[in-house]
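# Residue-level structure breakdown
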Amino acid sequence: MLRKALITLAGLAVVGIGGFAAFAAFAYRPEIAPSKADNMPMFSAEVVEQGRLMAAAGFCAECHTVPGGAPYAGGYGMETGFGTLYATNITPDRETGIGAYSEAAFARAMHQGVDREGRHLFPAFPYDHFTLMSDADVRAIYAYLMTEVKPVRHTVPENGLPFPLNLRIWQAGWKLLFVDLGRFEPDPDKSDAWNRGAYLVEGASHCGACHTPRNLLGAENRSQDFAGAEIDQWIAPALTADNPASIRWTADDFTAYLKTGVTRDHGVAAGPMAPVVHAGLRELPDSDLDAIGVYLGDRVGTPQSEAEAEAAITASLTAGKPDGGYRLEQGERLYASACAACHYNATRIAPGRPDLGINSATRLEAPDNLVQVILNGVGNHEGMDGVVMPGFRQALSDQQIAAIAAYLRASRTDYAAWPDLVATVSRIRGADDH
Ligand code: HEC
Ligand code: HEC
Ligand code: HEC
């Protein structure tokens with residue numbers, strides 16, 4: 001018995017050592033020599049412009065710039081749940097930026113998540129999506145960053161992950177477990193537009209980074225693509241047939257929402273979704289936005305007929321029956337005085353003033369998005385251009401905001417009341433000081 005156990009253990013050790021050797025071979029990445037100063041390849045104006053658009057599609061500036069800081073100079077802190085990671089300086093400064101990256105080193109970073117010196121990068125940098133980008137697009141981004149972005153000397157803070165999570169070797173294991181490294185492969189059964197949309201959504205624009213739930217180790221759960229997820233005290237709603245809005249999203253709705261930040265039937269892109277539109281996708285040509293619409297529309301499924309959509313709206317508007325309890329009464333009064341002047345909730349009123357009964361904010365399982373909008377309003381850089389909603393952070397207490405949310409949920413939907421509303425409002429109020 002014992003002997004057998006020993007043999008088995010020895011076997012395991014051999015497998016372990018073999019496995020470790022294979023892992024070490026995978027994990028080891030050599031340094032790529034610094035590019036020579038003043039030896040930048042020449043890029044055509046078209047390639048640089050293509051790079052500008054792809055950088056917009058990937059919102060590179062959004063993570064690699066601190067508010068008010070020099071573009072792409074890094075230092076923006078990302079809370080990962082394990083500790084804070086700082087996006088690096090990707091200006092062409094040779095010492096503190098990526099000025100010493102050759103084209104090959106840049107492509108390796110984008111496609112494999114390994115920096116020039118051979119260190120594995122953390123997936124807060126969405127290389128698990130960028131790996132799908134074509135060589136030509138990656139080269140174009142390189143051309144854009146190296147020629148159009150001003151070099152800025154700026155050293156970003158050390159990342160705040162605790163030992164041993166800060167050891168980059170773990171990232172090689174994470175990669176091995178969770179990332180399919182490799183370029184996008186078009187589906188020959190689908191149209192060119194569908195494939196272009198898939199390429200952008202899955203690759204450069206990494207929509208799943210927010211809209212797909214993650215597992216305990218922080219990797220996107222592939223069996224739940226776009227099923228909706230929590231991100232920075234917001235909910236990124238499902239982009240599938242499970243999206244909670246009353247009216248099913250269509251290809252055209254997606255395109256309009258991503259181009260303008262608003263649609264008549266679905267409300268506005270606020271919070272973390274705002275820069276996706278305003279600092280990113282709206283730069284893209286219409287053909288690309290149409291393609292994204294085609295791809296997402298297909299994922300959501302067959303559109304409703306106009307009559308079905310109207311029926312869904314009517315059902316929403318007549319759904320709830322407030323029971324007249326004190327809380328709802330208070331919520332109803334507060335709503336009438338604080339909100340109804342603008343949200344008078346006729347059917348399908350002007351775009352930018354969505355009917356709250358059909359908006360996913362009132363219909364999601366969690367009230368976070370509704371609470372965010374009441375607390376912080378909708379700024380000029382969010383939702384529709386030139387249209388704002390005031391925030392009620394100063395005017396209303398946690399309890400009052402909870403009462404309005406409870407009232408809207410009860411009077412506009414058939415869903416169960418949100419539990420722990422007051423606690424949710426105070427958590428969100430405390431988390432971000434706008
Ligand atoms: C969601 C936030 C986010 C987005 C979007 C993002 N990055 Fe990053 N990026 C990071 C973080 C965080 C790091 C540092 C990771 C680490 O320290 O391991 C990083 C690292 C990098 C690196 C390695 C740099 C170095 O200093 O070694 C490159 C190159 C890079 N990003 C380029 C890009 C480009 C190009 C885009 C747009 C196509 C982009 N990033 C979009 C967060 C982001
Ligand atoms: C940084 C995180 C993040 C990224 C990246 C992101 N989203 Fe979002 N998205 C959100 C959040 C949060 C909301 C909710 C915003 C609100 O309610 O105003 C949202 C809302 C949406 C909505 C509206 C859903 C509804 O039911 O109201 C659509 C459509 C959408 N996103 C599509 C996309 C697409 C397409 C991409 C990629 C091109 C993308 N998102 C990338 C976070 C993100
Ligand atoms: C002064 C007018 C005004 C008032 C008052 C107002 N809103 Fe708004 N609200 C707007 C506008 C305008 C938008 C769309 C903003 C945009 O497109 O940028 C909006 C958007 C919203 C959204 C949509 C968010 C989304 O993601 O689609 C919700 C929910 C909302 N308001 C709830 C409320 C509630 C609840 C109150 C009262 C506490 C309130 N609003 C008070 C004007 C107002």
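Residues numbered from 1 in each chain as written. Chains lettered and ligands numbered in written order. Predicted model: local features only at pLDDT ≥ 70, side-chain atom pairs only at ≥ 80, totals over all residues. Heavy atoms only, no water.

### Observations concerning the overall build of the chain
Put simply, the rule reads: By the criteria applied, helices consist of DSSP H or I runs no shorter than four residues and strands consist of E runs no shorter than two, each listed in order from the N terminus. For a compact globule the rule gives 2.2 Å times the number of residues to the power 0.38, and the radius of gyration it is set against comes from C-alpha atoms. Throughout, exposure labels follow a simple rule: accessible area from a 1.4 Å probe, protein chains only, divided by the maximum for the residue type, with under 20% read as buried, over 50% as exposed, and the rest as partly exposed. Contact definition: two residues touch when any of their heavy atoms are within 4.5 Å. Each accessible area is a Shrake-Rupley result for a 1.4 Å probe, and residues are judged covered by the shown protein chains and nothing else. Counted as positive: Lys and Arg. Counted as negative: Asp and Glu, with His and the chain ends omitted from the count. Note that the charge is assigned to NZ on lysines, CZ on arginines, CG on aspartates and CD on glutamates.
A count of helices and strands for the chain gives 18 helices and six strands. In terms of overall size, the chain behaves like a compact globule, its C-alpha atoms giving a radius of gyration of 24 Å where 434 residues would be expected to give roughly 22 Å. Dimensions of the chain, computed from the C-alpha atoms along their principal axes, are close to 70 × 70 × 50 Å. Relative to its 434 residues, the chain shows a buried fraction of 49%. Summarising the internal contacts of the chain: among those between residues at least 6 apart in sequence, 67% fall at separations of at least 24. Surface summary for the chain: the accessible area is close to 21,400 Å², and the carbon and sulfur share equals 59%. Averaging the locations of the 35 positively and 51 negatively charged side chains of the chain gives two centres separated by 5 Å.

### Looking at the site of ligand 1
Formally: Here a residue is considered near a molecule or strand provided that any single heavy atom belonging to it is located within 4 Å of it. Here a polar contact means two N or O atoms within 3.5 Å. Within protein one must be a hydrogen donor candidate and the other an acceptor candidate, and residues neighboring in sequence count only if both atoms are side-chain atoms. In the scheme used here, Gly and all other residues not listed as nonpolar or charged are polar, with Ala, Val, Leu, Ile, Met, Phe, Trp, Tyr, Cys and Pro taken as nonpolar and Asp, Glu, Lys and Arg as charged.
Looking at ligand 1, there are 23 residues lining it, with C60, C63, H64, Y101 and F122 nearest. T88 places a polar side-chain atom, nitrogen or oxygen, 3.2 Å from an oxygen atom of ligand 1. F122 places a main-chain nitrogen or oxygen 2.7 Å from an oxygen atom of ligand 1. A total of three residues in the shell around ligand 1 trace back to one element, the largest contributor, which is helix α3 (residues 60-64). Class assignment of the residues belonging to the shell around ligand 1 gives a composition of 17 nonpolar, four polar and two charged.

### Regarding the environment of I235
With respect to the helices and strands, the residue I235 is situated in strand β4 (residues 234-236). Sequence separation between I235 and H211 is 24 residues, and the spatial gap between their C-alpha atoms is 8.3 Å. Excluding anything up to four places from it in sequence, I235 contacts A229, E230, L364, A366, D368 and N369.

### Describing a nonpolar patch on the surface
Filter applied, for reference: For patches, a residue must show more than 30% relative accessible area and have no salt bridge; joins then use 9 Å for like charges and 5 Å for nonpolar side chains, namely Val, Leu, Ile, Met, Phe, Trp and Tyr. We count a salt bridge whenever a side-chain nitrogen from Lys or Arg sits within 4 Å of a carboxyl oxygen from Asp or Glu.
Taken together, F163, L167, I169 and W170 make up a surface patch of nonpolar side chains, about 440 Å² in accessible area. Tracing the sequence through the fold places W170 in helix α7 (residues 169-178).

### Topic: the coordination of the iron atom of ligand 1
What counts is decided by this rule: Sites may look incomplete, because water is not among the atoms used; the donor set itself consists of N, O and S atoms within 2.8 Å of the metal (3.2 Å for Na, K and Ca).
The sole protein-derived ligand of the iron atom of ligand 1 is H64 (NE2), positioned 2.0 Å away. By the secondary structure assignment, H64 is in helix α3.

### Some thoughts on the coordination of the iron atom of ligand 2
To keep things clear, this is the line we draw: Square planar and octahedral assignments, for four and six donors respectively, both demand that opposite donors be over 155 degrees apart and that all other angles lie between 65 and 115; tetrahedral needs four donors with all angles between 85 and 135 degrees, and anything else is irregular.
Here the iron atom of ligand 2 is held by H211 (NE2) and M273 (SD), and the distances to it run 2.0 to 2.2 Å. Metal-centred angles of 89 to 179° between the six donor atoms at the iron atom of ligand 2 mark the site as octahedral. Linking H211 in helix α9 (residues 208-211) with M273 in helix α11 (residues 273-278), this pair joins segments that are 62 residues apart in sequence.

### Some points on the domain arrangement of the chain
When the parts of a complex come together, some accessible area is lost, and that lost area is often taken as the interface size. Threshold: Boundary definitions for the domains trace back to an automatic or database domain assignment. Throughout, the accessible surface (probe 1.4 Å) given up by two parts as they are put together, summed over both, is called the buried area.
Each assigned domain of the chain is listed with its residue range as follows: domain 1 (24-178), domain 2 (192-300) and domain 3 (319-431). With centres defined by C-alpha atoms, the gap from domain 2 to domain 3 works out at 23 Å. On the side of domain 3, 25 residues touch domain 2, which itself brings 23 residues to the contact. Counting each side, the surface lost to burial between domain 2 and domain 3 is near 2,100 Å², with a carbon and sulfur contribution of 56%. The tally of links between domain 2 and domain 3 comes to one salt bridge.

### Remarks on the side chain of R429
With respect to the element layout, R429 can be found in helix α18 (residues 421-431). A polar atom in the side chain of R429 sits 2.7 Å from the backbone oxygen of R393.

### Quick notes on the packing of helix α4 (residues 103-112) against helix α6 (residues 135-148)
Heads up, the condition is: For every element, the axis is a line fit to its C-alpha atoms; helices are fit only across the contacting stretch, and the angle between N-to-C directions ranges from 0 to 180 degrees. Orientation categories follow fixed angle ranges, with anything under 35 degrees roughly parallel, anything over 145 roughly antiparallel, 65 to 115 roughly perpendicular, and all other angles oblique. Each crossing is labelled by how the near helix is turned from the far one, with a counterclockwise turn of less than a right angle marking it left-handed and a clockwise turn marking it right-handed.
At a closest axis distance of 10 Å, the pairing of α4 and α6 adopts a crossing angle of 120°. The orientation of α4 with respect to α6, classified from their angle, is oblique. Both α4 and α6 take part in a crossing whose hand is right-handed. On α6, the residues that touch E103, F106, A107, M110 and H111 of α4 are D135, V138, R139, I141, Y142 and L145.

### Remarks on the packing of helix α2 (residues 45-57) against α6
Put simply, α2 and α6 touch, their axes get as near as 7 Å, and they point 100° apart. Here α2 is positioned roughly perpendicular relative to α6, judged by the angle of their axes. In contact with V47, V48, Q50, G51, R52, M54 and A55 of α2, α6 contributes A136, D137, R139, A140, I141, A143, Y144, T147 and E148. For the contact of α2 with α6, the residue count by class is nine nonpolar, three polar and four charged.

### What to know about α2
Residue pairs three or four apart in sequence face the same way in an α-helix, which turns once every 3.6 residues. Where we set the bar: By this rule, a helix spans an expected 1.5 Å times one less than how many residues it contains.
Helix length check: α2 (13 residues) gives 18 Å between terminal C-alpha atoms against 18 Å at 1.5 Å per residue, within 8%. Among all positions of α2, only V47, V48, G51, L53, M54, A55, A56 and A57 are buried. Next to the buried residues of α2 lie α3, α6 and α8 (192-204). Backbone geometry just after α2 places F59 at a positive phi near 45°.

### Quick notes on the packing of aromatic side chains
Put simply, the test is: Only Phe, Tyr and Trp rings are paired, with Trp represented by its six-membered ring, and only when their centres lie within 6.5 Å; those with planes under 30 degrees apart are stacked, over 60 edge-to-face, the remainder tilted.
Using the criterion set out here, one finds eleven aromatic pairs in the structure. Ring geometry for F125 and Y127: centres 6.2 Å apart, planes at 45°, overall tilted. This pair shows no difference in class: F125 is buried, exactly as Y127 is. An angle of 65° between the planes, with centres 5.7 Å apart, marks the rings of F184 and Y199 as edge-to-face. In this pair, F184 is assigned in the loop between α7 and α8 and Y199 in helix α8, connecting sequence segments 15 residues apart. In this structure an aromatic cluster arises from ring pairing among F43, F106 and Y142.

### Quick look at the nonpolar core
Defined as follows: What we call a nonpolar core is a set of buried Ala, Val, Leu, Ile, Met, Phe, Trp, Tyr and Cys residues that are connected through their side-chain atoms within 4.5 Å.
Core analysis: the biggest nonpolar cluster contains 59 residues, and Y72, F106, M110, M133, L145, L258 and L281 have the highest contact counts within it. Summarising the domain contributions, this core has at least three residues from each of domain 1 (24-178) and domain 2 (192-300). Judged by nonpolar contacts, the second largest core, of 24 residues, contains L334, C339, W418 and I428.

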